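# Report on the structure
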Amino acid sequence: MVTEKKNINKSRPLLEVRDLQTYFYTADGVVKAVDGVNLDVFPGKTLGIVGESGCGKSITTKSILRLIDNPGKILGGTMNLYDQSHDQSQDILKLNNQELKEVRGGRISMIFQEPMTSFSPIHTVGNQITEAIKLHLNHSKNEAIELAEDWLIRVGMSNPKQRLKQYAFELSGGQRQRAMIAMALCTNPDILIADEPTTALDVTTQAQTLDLLRELQEKNGMSIIMITHDLGVIAELADEVNVMYLGKVIESGTIHQVFKDPKHPYTHALLSSIPSLATGHRERLPILPGTIPHPQARPKGCPFNPRCKDFIEGTCDVEFPKQEKIEEGHLVNCHLYSK
Amino acid sequence: MINFLIRRTVFMFVALWAVTLISFFIINLPEGDYVTAYIAQLQATGSMVDAEEADNLRIFYGLDQPLYIQYFKWMREMVLYQNLGFSFEYNMPVTEVISERLLLTMILAIACIIFIWAIAIPFGIISAVKQYSVWDYLFTFLGFVGLAIPDFMIALIAMYLFFVWFDFSPGGLFSPEYVGVPWSWGRGKDLIDHIWIPMVVLGTAGTASLMRITRANLLDELSKPYVITARAKGLSEWRLIMKYPVRLALNPAISLTAYILPYLISGSIIVGVVLSLPTVGPQLVKALVAQDMFLAGGIILLIGFMTVVGTFISDLLLLWVDPRIRLEAGGS
């Protein structure tokens, strides 16, 4: 059973998120976890979302599947999911429950950071994988089991028959993440959202998991949204990258544009804090001064201004910078580039 | 898993043995013995018993021997002949005195457990899933009221209301014509007609606490990552709640059921007196007052046995429903 590459218009985004706002109404006040985020996910490409903990990257992707629990709420924005076979798009925010269930796990699947707790501890792995198949593909029980086995082989697991009967806690961390990937991809989704899929794994398993994702993407042609705080993972896998800071995307572009020529001082600082083996002499790594501000005490203007080395008084602490186009595809929100 | 079962079974027998020791110890706690009580009783009716006659009585009943010998005799009779001794009060073997009461107690306890589960689990689920809704507040309110009112109070209120409204006295487990007659279909039906009032009265507190426990457990489970995974898969909300978090939240409820059993029996003593139930509770009180030692000891022993065996059964149930226990128990 080989899935053929989808014959598609590569230049039209599969998913177009505009001005997404997800706020949390806590007892201490409103936290604007996601505050006007734009994203474009192109067919067969990988979009990396990178940022420090608490920048809203996870909330952004959870919002895409409307998985925000109380006290969180998606306040506004559009999330147009394009359907190539029917040449029409629908706004995920406007779907009814039935349509939403078809998108969840059907057109957009998700894998999570902690594969251990992301599986139910009292249901077998097979039960949970075949459940996804039965929900989205019109398969009988036996066909579902066969397909699940087939997917466990594709993600590189030995003894698939036996694995299906095992529980998540009987598998190793790497195997669990492979099973998770199999569960997410067995329905042939157009988009896979990977929420820090390698954070909980050791370095070797991390590399294997990333290789596996890339390999599956080449075979199936799905798009990936990769969330991580690890710039190495982004460099390895992403075609495009969005840098987030305090609920906003502050720079976006192709991996080449952003990594070779970072424009935003924050991106710049992030990239320069990666240790390099190439430089022969030993020197201190530059550090980014300060910490992420408390969510209820967002700085006025550009949220990065208190930590920015290029801070312009009277400008950066007054107004959030408009989006500026550096070149085709490379966008930045920073007053340094305001025209 | 076999190892675990063997170990667990051995522990059960150790616990049962400890129960016999404790029962025997409790029986011998009060000053004096049956003969002392017997003499006091005779004196109250005006007859006198001299010291020699009292000693003869003690020898007759074996009360003159050291405690450990009394204990071993008691144990040997119990293990070899299922004989719990002789009730001085009733002049009958203990087993005969309590057998029907014990059966009715078990029936009532099982009815209570079914009632508790049937009410507490669904209400607890609704309370957790619709947290802070009208239903949650209503069930929480009812739960606290149920916990706060002592069950004998509920029994009295129930009796009063039934008497005033329906001119019907809800005492006992049978209509008068079925008391003390052999079992028949009519008697069974009569029991079913009568059992539900004591069942509700006795089950109220257990229902309230199990509902709170189910709610708390489920609230914990509802925020676990596997719930989000299931939701991201496209499962409908109720289906996923019933399949995943509810199943996990039920495990503590299963282990709790073992503790409901002794609670129902000891808790049923006052209610049993108020509602004049033919259960072992009221009989235990009577036996203790009369210092009818083998009867009291027998009842305490059987309640203890039921608790130990109930815990064992609930452990087996947990083993069956929770693979984590099943497989980890096998590994160690």
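We now turn to the structure provided with this report. These numbers come from a predicted model, not from an experiment. Think of each chain on its own: its residues are numbered from 1, step by step along the sequence as written. To label them, take the chains in the order written and letter them from A, then take the ligands in the order written and number them from 1. In view of the model being predicted, local features appear only for residues whose pLDDT reaches at least 70, and side-chain atom pairs are presented and counted only at 80 or more, with totals across whole chains, interfaces and linings using the full set of residues. The side-chain quantities take in all heavy atoms of the structure and omit both hydrogens and water.

## Some words on the overall build of chain A
Strands here mean DSSP runs of E at least two residues long; helices mean DSSP runs of H or I at least four residues long; both are numbered from the N terminus. When helices and strands are tallied, chain A shows 11 helices and 12 strands. By the compact-globule yardstick of 20 Å for 339 residues, chain A fits well, its C-alpha radius of gyration being 21 Å. Along the first, second and third principal axes, the C-alpha set of chain A runs to 65 × 50 × 45 Å. Here's how the labels work: a residue is buried when its accessible area is under 20% of the maximum for its type, exposed when over 50%, partly exposed in between, all with a 1.4 Å probe on protein chains only. Out of the 339 residues in chain A, the part that is buried amounts to 53%. All accessible-area figures derive from a Shrake-Rupley calculation using a 1.4 Å probe, and residue coverage is judged against the displayed protein chains alone. As presented, chain A carries roughly 15,700 Å² of accessible surface, and 49% of it is formed by carbon and sulfur atoms. Restricting the calculation to C-alpha atoms gives the radius of gyration, and the globule rule supplies 2.2 Å times the number of residues raised to the power 0.38.

## Considering the interface of chain B and chain A
Residue contacts follow a heavy-atom distance rule, with two residues in contact if any of their heavy atoms lie within 4.5 Å. Tallying the contact residues gives 21 residues for chain B and 28 residues for chain A. Counting each side, the surface lost to burial between chain B and chain A is near 2,200 Å², with a carbon and sulfur contribution of 65%. For this document, the term salt bridge refers to a Lys or Arg side-chain nitrogen within 4 Å of an Asp or Glu carboxyl oxygen. Connecting chain B to chain A are 3 salt bridges. Put simply, B:Lys243 and A:Glu131 hold a salt bridge, and the shortest N to O gap is 2.9 Å. Counted as a polar contact is a pair of N or O atoms within 3.5 Å, where, for protein atoms, one must be capable of donating a hydrogen and the other of accepting one, and residues adjacent in sequence contribute only when both atoms are in side chains. Joining chain B to chain A, the criterion identifies 11 residue pairs in polar contact (both at pLDDT 80 or more). Element by element, the count of residues in the side of chain B that touches chain A is highest for helix α9 (residues 225–232) of chain B, at 6 residues. Three classes are used, and their members are as follows: Ala, Val, Leu, Ile, Met, Phe, Trp, Tyr, Cys and Pro are nonpolar, Asp, Glu, Lys and Arg are charged, and the others, Gly among them, are polar. A per-class count over the side of chain B that touches chain A returns 9 nonpolar, 3 polar and 9 charged. Here the quantity called buried area is the accessible surface, traced with a 1.4 Å probe, that two parts lose on coming together, added over both.

## Considerations on the layout of surface pockets
Only protein atoms enter the 1 Å grid, on which a cavity is a set of points fitting a 1.4 Å probe that cannot get out and a pocket is an open set with protein on both sides within 12 Å along at least 5 of 7 lines, lining residues being those with an atom within 4 Å of a point. Grid points are joined across faces, edges and corners, and a volume is the space filled by probe spheres set on the points. The volume enclosed by the largest pocket comes to roughly 870 Å³. The wall of the largest pocket is formed by 24 residues, among which A:Asp69, A:Asn70, B:Val129, B:Arg231 and B:Glu237 lie closest to the centre. At the level of elements, β4 (72–83) and α2 (97–103) of chain A together with α5 (94–129), α8 (185–222) and α10 (237–243) of chain B are the ones that each hand at least two residues to the lining of the largest pocket. When its volume is computed, the second largest pocket comes out at roughly 540 Å³.

## Regarding the sheet that holds strand β1 (residues 15–26) of chain A
All names here are of chain A. At least two bridges found by DSSP between two strands is the condition for calling them paired. Read from one edge of the open sheet, 4 strands run β2-β1-β4-β5, paired in antiparallel fashion. A single partner strand is all that each edge strand has here, and the edge strands are β2 (29–41) and β5 (88–91). The mean inter-strand angle of the sheet, taken between neighbouring strand axes irrespective of direction, is 10 degrees. Bridging between β1 and β2 involves 10 bridges; their strand directions are antiparallel. Bridging from a neighbouring strand, Tyr 23 pairs with Lys 32 of β2. Orientation is described by axes fitted as lines to C-alpha atoms, over the contacting stretch for helices, and by angles from 0 to 180 degrees between their N-to-C directions. Strands in contact with helix α1 (residues 57–64) are β1, β2 and β4; relative to β1, the strand with the most contacts, it is inclined by about 110 degrees.

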